[in-house]
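# Fold and geometry: a report
For reference, the chains in residue letters:
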Amino acid sequence: MDALDLARWQFGITTVYHFIFVPLTIGLSLLVAIMQTIAVRAKDPVKADSWTRITKFFGSMLIVNFGIGIATGIVQEFQFGMNWSEYSRFMGDIFGAPLALEGLAAFFMESTFLGLWIFGWNRLPKGLHLLTIWMVAIGTTLSAYFIIAANSFMQHPVAAVFNPETGRAELDPAQGGIFALLTNVTTLAAFPHVIAGAWLVAGCFVTGIAAWHMVKNHKRAEDQTLSGEEQAAAGHLAKNVWRPATRFGVLVMVLSAVGLLASGDFQGKLMFEQQPMKMASAEALCHTETGASFSILSVAGPRAFSQDCTDISHIIEIPYVTSILATNDPNATLKGVTELNAEYKEKFGATAVDASGKTVDVDYRPNLFVTYWSFRLMIGFAIFSGILAVWAFWVTRGKGEKARTSGSTWFARFALFAIPMPFIANAFGWIFTEMGRQPWIVAPSPTGDPLVRLLTMQGVSGHEGWQVIVSLVVFTLLYGVLAVVWYYLMRNQARKDIKTPRSLSVKESAAPADIDTPTISFGY
């Protein structure tokens, strides 16, 4: 492989790895803030104690995840100067603005307030301490917005013009400048989809862990070999701590599913307008069709592993659905990959000069296999969260004295099995987004300056292949070690049960001090 392919592999590996931590931090920071709000507002001391324990339990894992996310995120920005210096030279004046805002505003805000939240327990007034975790949640969401704004410029450049004197793209005040950049319609479409995906990750994470503990304590409560006090303590944890946490996670998953469907539909229609090649490839729509079908399953020969669309056969498909998804019109005509490739060659040229100065042929089709299957795997892996939500809701049905907990081993196993599924779905979503844009690193806008565009092969640095191999191997090994450390810390923290209060018979009139709510613990 040459330096271009190696640089793409390195960026892909580090990006997918970093995005393991990002959605969990975004979603879990909000969920922890809501958990603590419930605890602070609760009038019943037992309820307040339960939710405080839940807050600290999941807050400890948020801290670990946040820390490793920072370490891996810094590498992401370094790569623009390391392996993609030509891209940085051409787009840096525009692309750097939202990245700077993310670092100077959102990142420092979330880091500062997370520190205040960690060390402010029993030191800050309750209301002020609660505000700190809400500021963390706002900060992580703002970080996501600025990063998505930067990425959306790569998908659909706005408010930019090409300066022939400098050979660079520049923000154009006449088109709205930085405000137009931050309100790019692609950003407004992608942001709620990413945030809803983060909520799904966090909701499934909370539900999976809480459900496992609920089942464990339910079994302990029925274990006749334990003392009556131990059985009562386990029953209390199952019903008053882990069941509410499980149902809370289910509610979050349901809300996120609604958000994902609504935002995904809007974003899909927008992509059919802005990047029709990406969406045609996602459906393996090789030729222009009227009333295009949605492919459930397609098979192809080895040529489809690159850009060749000639030997693809649709095995299972639903008539008219792709046209409906694209335009809401079942009889809409959608351009196919072959026709779009010919159109782009005529519009942008059949050849281009790469970063080294060589003139090479250009194929405007992305990798069909990766684009097609990453889109389906994104949806497929998310379905496991839906199954968990329905199952968890059913086994915890009832209210008051009739509220149920479950001792099903199969349910506990599935709950743990489902935890990584939305992580994987999010990863495939980003793989689809970035691979489907190829061969562009900055896709041309249908309505903007046609010169504000850049092929991926034109954005890479002029390194030798062995230089990129060295950094690729180093980062992969380092990230492998960090993955082991992260998993060890998160697993240890997740396996810890919440200690039962000394008094289980606290009445509403009892003072909160009668309950020995523990301090926050760290996983390291």
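Look a little higher up for the structure.
A brief structural summary.

So, how was this worked out
- Residues numbered from 1 in each chain as written.
- Predicted model: local features only at pLDDT ≥ 70, side-chain atom pairs only at ≥ 80, totals over all residues.
- Heavy atoms only, no water.
- Helix = DSSP H or I, 4+ residues; strand = E, 2+ residues; numbered from the N terminus.
- Rg over C-alpha atoms; globule rule 2.2 N^0.38 Å.
- Buried < 20%, exposed > 50% of the residue type's maximum accessible area, 1.4 Å probe, protein only.
- Contact = heavy atoms within 4.5 Å.
- Areas by Shrake-Rupley, 256 points an atom, 1.4 Å probe, with all protein chains shown as cover.
- Lys, Arg positive; Asp, Glu negative; His and termini not counted.
- Charge placed at Lys NZ, Arg CZ, Asp CG, Glu CD.
- 1 Å grid on protein atoms, 1.4 Å probe; cavity = no way out; pocket = protein on both sides within 12 Å on 5 of 7 lines; lining within 4 Å.
- Points joined across faces, edges and corners; volume = space filled by probe spheres on them.
- Nonpolar A, V, L, I, M, F, W, Y, C, P; charged D, E, K, R; others polar.
- Pairing = 2+ DSSP bridges.
- Phe/Tyr/Trp six-rings, centres within 6.5 Å; stacked < 30°, edge-to-face > 60°.

## Side note on the overall build of the protein chain
- The helix and strand inventory of the protein chain stands at 15 helices and ten strands.
- On C-alpha atoms alone, the protein chain measures out to a radius of gyration of 25 Å, which is about the 24 Å that the 2.2 N^0.38 rule sets for 524 residues.
- Counting only residues that meet the buried cut, the protein chain has 52% of its 524 residues in that class.
- Intrachain contacts of the protein chain at a sequence separation of at least 6 include 79% that bridge at least 24 residues.
- Of the roughly 23,700 Å² of accessible surface on the protein chain, 66% is carried by carbon and sulfur atoms.
- Taking the average place of the 38 positive charges on the side chains of the protein chain and the average place of its 38 negative ones, the gap between the two points comes to 14 Å.

## Quick notes on empty space enclosed by the protein
- If you walk through the whole model with that rule in mind, you get one cavity of 30 Å³ or more.
- As a volume, the largest cavity reaches approximately 40 Å³.
- Pro157, Val158, Ala159, Ala160, Gln175, Ser445, Gly448, Asp449 and Val452 are the residues that line the largest cavity.
- Its residues assigned to classes, the lining of the largest cavity comprises five nonpolar, three polar and one charged.

## Comments concerning the pairing of strand β1 (residues 160-163)
- In the sheet, β1 pairs with strand β2 (residues 168-171) via four bridges, with the strands oriented antiparallel. The partner of Ala160 across the bridge, within β2, is Leu171.
- Where β1 folds back onto β2 in an antiparallel hairpin, the turn is made up of four residues, including Gly167, whose phi is positive at roughly 70 degrees.

## A look at the environment of Ala211
- One can find Ala211 in helix α6 (residues 185-221).
- Measuring from C-alpha to C-alpha, the distance between Ala211 and Gly127 comes to 30 Å, with 84 residues separating the pair along the chain.
- Filtering out sequence-adjacent residues up to four positions away, Ala211 remains in contact with Thr246, Phe411 and Ala415.

## Focus: unusual backbone geometry
- Following Gln438, the chain continues into Pro439 via a peptide bond in cis, with omega recorded as 15 degrees.
- Note that Pro439 resides in the loop between α13 (421-435) and β9 (440-442).

## A word on the packing of aromatic side chains
- By the definition in use, this model includes 26 aromatic pairs.
- Taken together, a centroid distance of 5.3 Å and an interplanar angle of 75 degrees make the contact between Tyr87 and Phe95 edge-to-face.
- Judged by relative accessible area, Tyr87 falls into the buried class, the value being 1%.
- The class of Phe95 is buried, set by a relative accessible area of 7%.
- Measuring from centroid to centroid gives 5.6 Å for Phe384 and Phe417, while their planes differ by 75 degrees, and the two rings are edge-to-face. Taken together, the residues span a long stretch of sequence, with Phe384 in helix α11 (residues 368-395) and Phe417 in helix α12 (residues 409-418) at a distance of 33 residues.

From the geometry alone we can't say anything about function, so treat these as descriptive.
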